[in-house]
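Summary of structural features
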Amino acid sequence: MEIGILHPRLVNTYIIATAARSLERFAYLGIESNLINYLTGPIGESVATAAANVNTWVGVASLVPIFGAFVADSFLGCYKSIIIAAILYILGLGLLTLSAMITPIVTGASDSQGRTKNELGPESPAMHIKALFFGSLYLIALAQGYNTFLQAFGANQFDEKHPEESKAKSSFFNWWFCVGAMGAIATHLILPYIQDNINWGIGFGIPFLAVIVGLILFLLGNKMYRFPATIGDKEVEIRYGKKDKGFKKSISALYIVAPSSSREESLLHGEFLKDDSPPAGDDSTNINETSSKTKEIKEVLRLFPIWVTCLTYTIGHAQSCTLFTKQATTLDRSIGQSYSIPTAALRIIIALSVAFCSIIYDRIFIPIARRITRYPYGITMLQRIGIGMAISVLNMVIAAVIEKKRLKTARDFGLLDISNATVPMTFWWLAPQYLLFGLVDVLINVGMQEFFYDQVPTELRCLGLSFSQGAIGIGDFLSSFLVSMIDKITSQGSRESWFSDNLNRAHVDYFYWLLAGIGVVGLIAFVCLAKSYIYREPNNIKNDSDV
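Notes on the structure follow. Just so we're clear, the structure is a prediction, and the values are computed from it rather than from any experiment.

The rules behind these values
- Residues numbered from 1 in each chain as written.
- Predicted model: local features only at pLDDT ≥ 70, side-chain atom pairs only at ≥ 80, totals over all residues.
- Heavy atoms only, no water.
- Salt bridge = Lys/Arg side-chain N within 4 Å of Asp/Glu carboxyl O.
- Helix = DSSP H or I, 4+ residues; strand = E, 2+ residues; numbered from the N terminus.
- Buried < 20%, exposed > 50% of the residue type's maximum accessible area, 1.4 Å probe, protein only.
- Phe/Tyr/Trp six-rings, centres within 6.5 Å; stacked < 30°, edge-to-face > 60°.
- Expected span 1.5 Å × (residues − 1).
- Bend = angle between axes of the 7 residues up to and from the residue.
- Core = buried A, V, L, I, M, F, W, Y, C linked by side-chain atoms within 4.5 Å.
- Domains from an automatic or database assignment.
- Contact = heavy atoms within 4.5 Å.
- Patch = residues over 30% accessible without salt bridge, like charges linked within 9 Å, V, L, I, M, F, W, Y side chains within 5 Å.
- Areas by Shrake-Rupley, 256 points an atom, 1.4 Å probe, with all protein chains shown as cover.

**Considerations on the pattern of salt bridges**
- Counted according to the given criterion, the structure contains six salt bridges.
- Between R347 and E32 there is a salt bridge; the shortest N-O distance is 2.5 Å. A residue pair is termed long-range when its members are at least 10 positions apart, and R347 in the loop between β5 (339–340) and α14 (348–373) and E32 in helix α1 (residues 8–32) qualify at 315 residues.
- Residue classification places E32 among the buried positions, given a relative accessible area of 7%.

**With respect to the packing of aromatic side chains**
- If you walk through the whole model with that rule in mind, you get 23 aromatic pairs.
- Each ring, one from F153 and one from F218, has its centre 5.6 Å from the other, and the planes form 70 degrees; the classification is edge-to-face. With F153 in helix α7 (residues 145–155) and F218 in helix α9 (residues 200–220), the pair connects residues that are 65 residues apart, well separated along the chain.
- Judged by its relative accessible area of 5%, F153 is buried.
- Their ring planes at 85 degrees and their centres at 5.8 Å tell us that F452 and F467 sit as a pair that is edge-to-face. With F452 in helix α16 (residues 431–455) and F467 in helix α17 (residues 461–490), this residue pair connects regions lying 15 residues apart in the sequence.
- Overall, the relative accessible area of 0% leaves F452 in the buried class.
- Note on F467: relative accessible area 13%, which makes it buried.

**What to know about helix α3 (residues 47–101)**
- Taking 1.5 Å of rise per residue, 55 residues should cover 81 Å, yet α3 covers just 23 Å from first to last C-alpha, more than 12% shy of that figure.
- Maximum bend of α3: about 115 degrees, positioned at L76.

**Concerning the environment of L443**
- Here L443 lies in helix α16.
- Residue class for L443 comes out buried when judged on its relative accessible area of 8%.
- Along the backbone, L443 and R384 are 59 residues apart, and their C-alpha atoms lie at a distance of 5.7 Å.

**Some details on the nonpolar core**
- Among the nonpolar cores identified, the biggest contains 142 residues, and W57, L382, I385, F451, F511 and Y512 are the most heavily contacted of them.
- Sorting elements by how many residues they give to this core places α3 first, with 19 residues.
- If you count residues domain by domain, this core takes at least three from each of domain 1 (1–107 + 124–225) and domain 2 (248–253 + 299–536).
- The residues touching I385, leaving out its near neighbours within four places in the chain, are C310, L443, I444, G447, M448, F451 and F526.

**Notes on a nonpolar patch on the surface**
- The grouping of F70, V71, F75, L76 and I84 at the surface amounts to a nonpolar patch, some 480 Å² of accessible area in total.
- Within the secondary structure layout, F70 lies in helix α3.

**A few points about the environment of L465**
- The topology assignment puts L465 in helix α17.
- With relative accessibility at 2%, the residue L465 sits in the buried group.
- When the C-alpha positions of L465 and F452 are compared, they lie 5.9 Å apart, and in sequence the two are 13 residues distant.
- Setting aside chain neighbours within four positions, we find L465 in contact with T148, Q151, A152, F173, Q449 and Y453.

Right under this line is the structure:
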């Protein structure tokens, strides 16, 4: 982001918001990335049950922002919603830490293999401990609007009518994802090792402290933020805090900031804050309000078909924290002679890929593409998403081929019936699918965030941002449904399930091929819809026929 041309207050606001975002991702991924090992270890669940529970939880956590965004857009606003969500987040993480501290201890070496309670020896935790654990887990899910509200609040600080701020806002989405990846890198370097080898209570307590620090940082920026206010039928932006003589009234009437003189203040109140709306009870007011609401609904509904096609990608997205992790438990993860990488820590490859690809995309690809296409953002938002969907299909094919290679190696070395054996195959074989996963995230997730934020009415931008999270959530639910259904069908009789607890007898590769096929169907439908899509102003793009 070319922040040098922006006002220092805007730069400081951006830094605070992204720092809070990085800490939130550190906390969330500290729970999500190793959750399947906690469920198959201390909680004592089977692989299929744990995978379904993780997918269900991630699905709920991803869908909550949609309902939260509706409340934020309609009643509370982004700022108050951020505070409330942060408090729920802190409460949930605190209770989760408590539940881990009173759960019977199971060593990291055991749970990293994904063995059930019968294999481990100790009994499953008491029912009240499980209730506390799952209750706190879903309280954290309930707080997941925090990230969406924070992102919408940060994006709202940019005036899209201002040429430089408008360009910076597009870049903001790339860097927002990049700093989230940096938080993820810190997570995968630190927390899985602590959780697997030291103590789960400490491993959950650190994310608890991280969210507290993030909330404090956010509150410290109060004097620098732009806050929206509606005067009559006009929306203006007013900054609460000290007046800044160097930052005068924005060129857009939509963004009015603290005036620099009493004369400007009088002009502000006389010219822009004058309420020219019709008197209460005027029929024309009711007609206009009804017409406006109808238009908003139509603008949101026309996005629905594209949103549905994106679900075919999100089913594959769900595998990074479940099946990818369980695959890694069977491989040789040693570095040197004494250190073995925790399975959840392998997701650092995804985070590194996201950070690297975000920078390359923003600083190299966009300028080059801009010169070729003459389009301000290099390529359109739908083109970006479509390219990501195509790479996602390729990634599922690669994952299937690598899993087939793992199964062949296990068979060649006579390890098919030894569930906890380490297959003589290095974990680096999984690197390609992790690296491509990061690239796909940068293309699709960032593309969806920017697309849905930009294409919904201004009053519904929290809701727009939540659509991308909602797609991830539905994808997790669909993945959970597919896993449960396929597990039930393929385990009938004396057959081994595709998701057998003994992964050397399972057929996860078949599941990856199925996801690749679903992805192809979704990509074809997406391209057909994108070709006829007409962008909402102020993009001034007639269609997206170049997808």
